[in-house]
Amino acid sequence: MNEPRRVIQDLAEKHLPDESHFLVEVKMEDKAGKTRFLILVDADQGVTIEACARLSRAISEELESQDILGEAYILEVSSPGLDYPLSSSRQYQKNVGRELKVFQNSGTETIGKLLSVEPNEIKLLVKKKEKGKKAIEEEMIVPFGEIKKSIVQVSFK
């Protein structure tokens with residue numbers, strides 16, 4: 001991990017509002033001659049705009065007061081959003097009970113209700129439908145090592 005990104009990550013973790021908030025990712029890229037830092041934050045009960053704004057201000061104030069980066073930068077703080085793949089056990093845990101689309105390393109795609117999260121795997125309730133028969137639900141265990149990415153499915157029911 002390169003140094004400026006590590007500094008931003010450490011500052012973000014230091015200034016998280018409380019224990020329910022956690023850092024998902026810090027992205028760093030060059031944009032129009034400036035370094036852009038995108039800090040993605042999540043929380044067990046969801047992230048508010050106010051929490052993102054407070055975190056952004058706290059990081060900016062510390063960067064400016066200590067002249068840590070010494071160059072022009074863009075700082076953005078946001079929640080990952082529904083279409084952003086889940087990346088930590090904690091994100092899976094907060095989505096228990098919701099529908100996920102799980103893309104496995106094998107190329108298999110599965111949609112199912114997230115039932116539980118264990119240290120090394122997730123358990124889904126998947127509907128299996130055979131031609132001419134009523135759909136049945138069965139549990140499916142997917143080890144984290146086999147998951148390429150998982151996306152929460154939006155439901156308008």
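Here the structure is shown first, and the text comes after it.
Values in this document were obtained by computation on a predicted structure and should not be read as measured data.

Draft legend 1. Broad picture of the overall build of the chain. Counting its regular elements, the chain contains three helices and eight strands. For the chain, the succession of helices and strands along the chain, N to C, is α-β-β-α-β-α-β-β-β-β-β. In terms of overall dimensions, the chain has a C-alpha envelope of 65 × 30 × 30 Å along the principal axes. Within the chain, counting contacts between residues at least 6 apart in sequence, those at least 24 apart form 51% of the total.

Draft legend 2. View of a nonpolar patch on the surface. On the surface, Leu 82, Val 154 and Phe 156 cluster together into a nonpolar patch covering about 350 Å² of accessible area. Its location among the elements puts Val 154 in the segment after β8 (147–152).

Draft legend 3. Quick look at the sheet that holds strand β2 (residues 34–43). Spatially, three strands are ordered β1-β2-β3 in an open sheet, and the strand pairing comes out mixed. With one partner strand each, in any of the chains shown, β1 (21–31) and β3 (73–78) form the two edges of the open sheet. Across the sheet, the axes of successive neighbouring strands diverge by a mean angle of 15 degrees, strand direction being ignored. Where β2 lies against β3, six bridges are found, and the strand directions are parallel. Each bridged residue has a counterpart across the sheet, and for Arg 36 the counterpart in β3 is Ile 74. Here helix α1 (residues 3–14) sits on the sheet and contacts β1, β2 and β3; the angle it forms with β1, its principal contact strand, is near 150 degrees.

Draft legend 4. Summary view of the packing of aromatic side chains. Summed over all chains, the structure comprises one aromatic pair. For the ring pair Tyr 92 and Phe 144, a centre distance of 5.2 Å and an interplane angle of 70 degrees mean the geometry is edge-to-face. Taken together, the residues span a long stretch of sequence, with Tyr 92 in helix α3 (residues 89–94) and Phe 144 in the loop between β7 (136–143) and β8 at a distance of 52 residues. Taking the relative accessible area as the measure of exposure, Phe 144 reaches 22% and is therefore partly exposed.

Draft legend 5. Seen up close, the nonpolar core. Counting 18 residues, the largest nonpolar core has Ile 8, Ile 39, Val 41, Ile 59, Leu 63 and Leu 75 as the members making the most contacts within it. Elements that contribute at least two residues to this core include exactly α1, β1, β2, α2 (49–65) and β3. Judged by nonpolar contacts, the second largest core, of twelve residues, contains Leu 100, Leu 114, Val 126 and Val 142.

Draft legend 6. Representation of the pairing of β1 within the structure. Both β1 and β2 contribute to a ladder of ten bridges, which runs antiparallel. Residue pairing for β2: Lys 27 is matched across the bridge by Leu 38. Here β1 hands over to β2 after two residues, with Ala 32 in that stretch at a positive phi of 55 degrees.

Draft legend 7. Inspection of the pairing of strand β4 (residues 99–104) at higher detail. Note that β4 and strand β5 (residues 109–117) share five bridges and pair antiparallel. Residue pairing in the sheet places Phe 103 in a bridge with Glu 109 of β5. Here β4 hands over to β5 after four residues, with Gly 107 in that stretch at a positive phi of 100 degrees. Of the pairings in the sheet, the one linking β4 to β8 comprises five bridges and is antiparallel in character. Residue pairing across strands places Gln 104 opposite Ile 147, the latter belonging to β8.

About the cut-offs
Residues numbered from 1 in each chain as written. Predicted model: local features only at pLDDT ≥ 70, side-chain atom pairs only at ≥ 80, totals over all residues. Heavy atoms only, no water. Helix = DSSP H or I, 4+ residues; strand = E, 2+ residues; numbered from the N terminus. Contact = heavy atoms within 4.5 Å. Patch = residues over 30% accessible without salt bridge, like charges linked within 9 Å, V, L, I, M, F, W, Y side chains within 5 Å. Areas by Shrake-Rupley, 256 points an atom, 1.4 Å probe, with all protein chains shown as cover. Salt bridge = Lys/Arg side-chain N within 4 Å of Asp/Glu carboxyl O. Pairing = 2+ DSSP bridges. Axes fitted to C-alpha atoms, helices over the stretch in contact; angles between N-to-C directions. Phe/Tyr/Trp six-rings, centres within 6.5 Å; stacked < 30°, edge-to-face > 60°. Buried < 20%, exposed > 50% of the residue type's maximum accessible area, 1.4 Å probe, protein only. Core = buried A, V, L, I, M, F, W, Y, C linked by side-chain atoms within 4.5 Å.

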